[in-house]
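Chain residues, written in single-letter form:
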2 protein chains.
Amino acid sequence: MRDLREKQLRSEKVFSGVLLHVYKDEVELPDGRASVREYIKHPGAAVMIPILPNGNLVMERQFRYPVGEEMWELPAGKIDEGEDPVESARRELLEETGYGAKKLTALGKLHPGIGYSNEVIYIYAAEDLTFHAEQQEHDEFIETFELSLDKALGAIRSGKITDAKTMVSIFWAEKYLNGEWK
Amino acid sequence: MRDLREKQLRSEKVFSGVLLHVYKDEVELPDGRASVREYIKHPGAAVMIPILPNGNLVMERQFRYPVGEEMWELPAGKIDEGEDPVESARRELLEETGYGAKKLTALGKLHPGIGYSNEVIYIYAAEDLTFHAEQQEHDEFIETFELSLDKALGAIRSGKITDAKTMVSIFWAEKYLNGEWK
């Protein structure tokens, strides 16, 4: 197998926004030629699969401006600087849904956009949930609802759920919940 | 259900690169307040699940600079302007792997990064494959290899495959190939 690595020659921050931080690097390709790589630096995130005692998943409905659509998603949130991803998962789940999780299980991780972002998203199953209405933050335009695993899978198949982190997590949840992937 | 839509007030292109086109919009939130949305405009892409007669999938090994790792991925490529996604799928599969597909089946689509990108990726199963060595482009630093569906699923579970479009497509392929999702 060839070594396909690219070496950084120079890095420049070309846009610094409220959310986005864009970099343009000059790199050396494996054959010695130079090229340019443009990408976003992201702090990373956690996505949670909240599983209620009745087996339903807690989902969110949220308008996503870049795609111009209301999306069905699992709860997720960015990792604060220096924060352990499992703590981000616990904090964001409580803030967005009001659910505290006694049991958080790390399932895996995903990279949503390896062509132009370094973002990594850690996936957690959240179980033994208790609802704390007063802990839910209501300043975000997010609405929560329940969905069975079967209906969530059906919503992927029908094209209602198209958010990548949510699709990966629901497929993974099926294998986790049926005992195929413990 | 509340209307969660956000209205564009103003749009500004803040970075125009070789690959990335970054916008910063002022928007009106559902409660009338103003906010800022920063995002990438992307032409869209297609990801292909090439299924060989022996049942193996054709995968790619490629260094991805933003994440600094060699990734295992399914073949994928950007949609040219005005191009039908199924034609992008056919063209990119041939260019990257040398395989021509007599049968392309649209399975679904995914949005990899709805927080900051409008990118949509269409998923195709590619079957009845014939290899045309002379059609494969060798200027990209991509190496192809075969992987059974079981090994691909195992590579997701073990954390070797973390690319979101590849994870979604492999999970979907399992249901397509076992007849659960025709």
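Within chain A, the regular secondary structure consists of three helices and 10 strands. Secondary structure of chain A in N-to-C order comes out as β-β-β-β-β-β-β-α-β-β-β-α-α. A principal-axis box enclosing the C-alpha atoms of chain A has dimensions of 60 × 40 × 30 Å. Per-residue burial over chain A gives 55% buried out of 182 residues. Working note: accessible area of chain A is about 8,100 Å², and carbon and sulfur atoms make up 46% of it. Seen as two clouds, the 23 positive and the 33 negative side-chain charges of chain A have centres 6 Å apart.

Let us now look at the side chain of K175 of chain A. In this fold, K175 of chain A is placed in helix α3 (residues 164-177). The buried category is assigned to K175 of chain A, whose relative accessible area is 4%. One polar contact links K175 of chain A to E174 of chain B, side chain to side chain, over a distance of 2.8 Å. Discounting residues that sit within four places of it in the chain, K175 of chain A has contacts with E180 and W181 of chain A together with L153, F171 and E174 of chain B.

What follows deals with the sheet that holds strand β1 (residues 7-16) of chain A. Residue and element names in this part refer to chain A. Pairing is antiparallel across the open sheet formed by three strands, whose spatial order is β1-β2-β3. Taken across any chain shown, the strands that pair with only one partner, and hence form the sheet edges, are β1 and β3 (34-40). Each adjacent strand pair in this sheet contributes to an overall mean axis angle of 20°, direction not counted. As paired elements, β1 and strand β2 (residues 21-28) share eight bridges and run antiparallel to each other. When the sheet's bridge partners are listed, F15 is paired in β2 with V22.

Relative to chain B, chain A is turned by 180° and slid 0.0 Å along the rotation axis, the superposed coordinates differing by an RMSD of 0.0 Å. Read as a symmetry element, the transformation amounts to a two-fold axis. A symmetric contact is evident, with 99% of the interface residues of chain A recurring at the interface of chain B.

Turning our eyes to something else, we now look at the environment of R33 of chain A. Residue and element names in this part refer to chain A. Take R33: it is sitting in the loop between β2 and β3. For the pair R33 and K160, spaced 127 residues apart in the sequence, the C-alpha separation amounts to 44 Å. Here D31 takes part through its side chain, which lies 2.8 Å from a polar atom of the side chain of R33.

All names here are of chain A. The geometry of helix α2 (residues 149-157) relative to α3 is characterised by a closest axis approach of 10 Å and an angle of 140° between their N-to-C directions. As the angle between them shows, α2 and α3 are arranged oblique. Relative to α3, the crossing made by α2 is left-handed. Along its contact with α2, which presents L149, A152, L153 and I156, the element α3 presents M167, I170, F171, A173, E174 and L177. Looking at side-chain class alone, the contact of α2 with α3 contains nine nonpolar, no polar and one charged residues.

This brings us to the interface of chain A and chain B. Note: interface size is frequently given as the accessible area lost on complex formation between the parts. Contacts between chain A and chain B engage 68 residues on the former and 67 residues on the latter. Surface buried jointly by chain A and chain B totals about 6,500 Å² across both partners, of which 65% is contributed by carbon and sulfur atoms. At the boundary of chain A and chain B, one finds two salt bridges. The partner of E174 of chain B in a salt bridge is K175 of chain A, and the shortest N-O contact between them spans 2.8 Å. For the side of chain A that touches chain B, the element with the highest residue contribution is α3 of chain A, accounting for eight residues. When the residues that make up the side of chain A that touches chain B are grouped by side-chain class, the tally is 32 nonpolar, 10 polar and 26 charged.

Let's shift gears to the pairing of strand β9 (residues 121-131) of chain B. Residues and elements named next belong to chain B. Alignment of strand β4 (residues 45-50) against β9, held across six bridges, turns out to be parallel. Following the sheet pairing, A46 is matched in β9 by Y122. Pairing of strand β8 (residues 99-110) with β9 involves 10 bridges; the strand directions are antiparallel. Paired with G108 across the strands is I123, a residue of β9.

Turning our attention to the environment of Y65 of chain A. When you line up the elements, Y65 of chain A lands in the loop between β5 (57-64) and β6 (69-73). For Y65 of chain A, a relative accessible area of 12% translates into the label buried. Here the side chain of Y65 of chain A touches Q8 of chain B through a polar contact of 3.3 Å, side chain to side chain. At a separation of 2.6 Å, a polar atom in the side chain of Y65 of chain A contacts the side chain of D25 of chain B.

About the thresholds
Residues numbered from 1 in each chain as written. Chains lettered and ligands numbered in written order. Predicted model: local features only at pLDDT ≥ 70, side-chain atom pairs only at ≥ 80, totals over all residues. Heavy atoms only, no water. Helix = DSSP H or I, 4+ residues; strand = E, 2+ residues; numbered from the N terminus. Buried < 20%, exposed > 50% of the residue type's maximum accessible area, 1.4 Å probe, protein only. Areas by Shrake-Rupley, 256 points an atom, 1.4 Å probe, with all protein chains shown as cover. Lys, Arg positive; Asp, Glu negative; His and termini not counted. Charge placed at Lys NZ, Arg CZ, Asp CG, Glu CD. Polar contact = N/O pair within 3.5 Å; in protein donor to acceptor, adjacent residues only side chain to side chain. Contact = heavy atoms within 4.5 Å. Pairing = 2+ DSSP bridges. Axes fitted to C-alpha atoms, helices over the stretch in contact; angles between N-to-C directions. Least-squares fit on C-alpha atoms with pLDDT ≥ 70 in both. Parallel < 35°, antiparallel > 145°, perpendicular 65-115°, else oblique. Left-handed = near helix turned anticlockwise from the far one by under 90°. Nonpolar A, V, L, I, M, F, W, Y, C, P; charged D, E, K, R; others polar. Buried area = accessible area lost by both parts, 1.4 Å probe. Salt bridge = Lys/Arg side-chain N within 4 Å of Asp/Glu carboxyl O.

None of the figures reported here should be taken as evidence of function without further support.
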